[in-house]
Amino acid sequence: VMSTKLNKPLWINICRLKLLRKDTGPVKFILEKTPFDGFDEVEQITALDEYVVIGRVFPQSDIYRESSFRIEIKLTLKYPLEAPVVRFLTPIYHPNIEQDGK
């Protein structure tokens, strides 16, 4: 484990996710856990092999409008060059989601 600066693209995208908390947008997302909890600005922390973001998405589609789904987003140190792995923690029946939520 080495000491490194926070991943700035991840910091920026988490700040964007925070803005999705409003009901007026095309999608609503409420953050529950981020790798930056407890930090007010980009500063030195210990680098991890992966970063985990947990939140709740409130879809606006006709089928899922009355629901919310808790999701987990795992990102590696290579983010944004390596795609995140997203998993639904709330069970969902959808053709693009496997039984394990991925």
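Residues numbered from 1 in each chain as written. Predicted model: local features only at pLDDT ≥ 70, side-chain atom pairs only at ≥ 80, totals over all residues. Heavy atoms only, no water.

### A short note on the overall build of the chain
Test applied: Secondary structure is summarised from DSSP: a helix means a run of H or I of at least four residues, a strand means a run of E of at least two, and numbering begins at the N terminus for each. Accessible area is worked out with a 1.4 Å probe on protein chains only. A residue is then buried under 20% of its type maximum, exposed over 50%, and partly exposed in between. In this analysis, two residues are considered to be in contact whenever any of their non-hydrogen atoms come within 4.5 Å of each other.
Across its full length, the chain carries one helix and six strands. When the helices and strands of the chain are read in sequence order from the N terminus, they spell out β-α-β-β-β-β-β. Looking at the chain as a whole, 30% of its 102 residues are labelled buried. Pairs at least 24 apart in sequence give 43% of the contacts found in the chain among residues at least 6 apart.

### Notes on the pattern of salt bridges
Proximity of charged atoms lets side chains of opposite charge pair with each other. Let me state the cut-off plainly: Whenever a carboxyl oxygen of Asp or Glu lies within 4 Å of a side-chain nitrogen of Lys or Arg, that contact is scored as a salt bridge.
One pass over the full model with this rule turns up four salt bridges. Across the pair E72 and R87 runs a salt bridge whose closest N-O atoms are separated by 3.1 Å. With a gap of 15 residues between them, E72 in strand β5 (residues 69–76) and R87 in strand β6 (residues 85–88) connect regions that are remote in the sequence. Assessed through its relative accessible area of 27%, R87 is described here as partly exposed. Among the charged side chains, a salt-bridge network with shared partners connects E32, R56 and R70.

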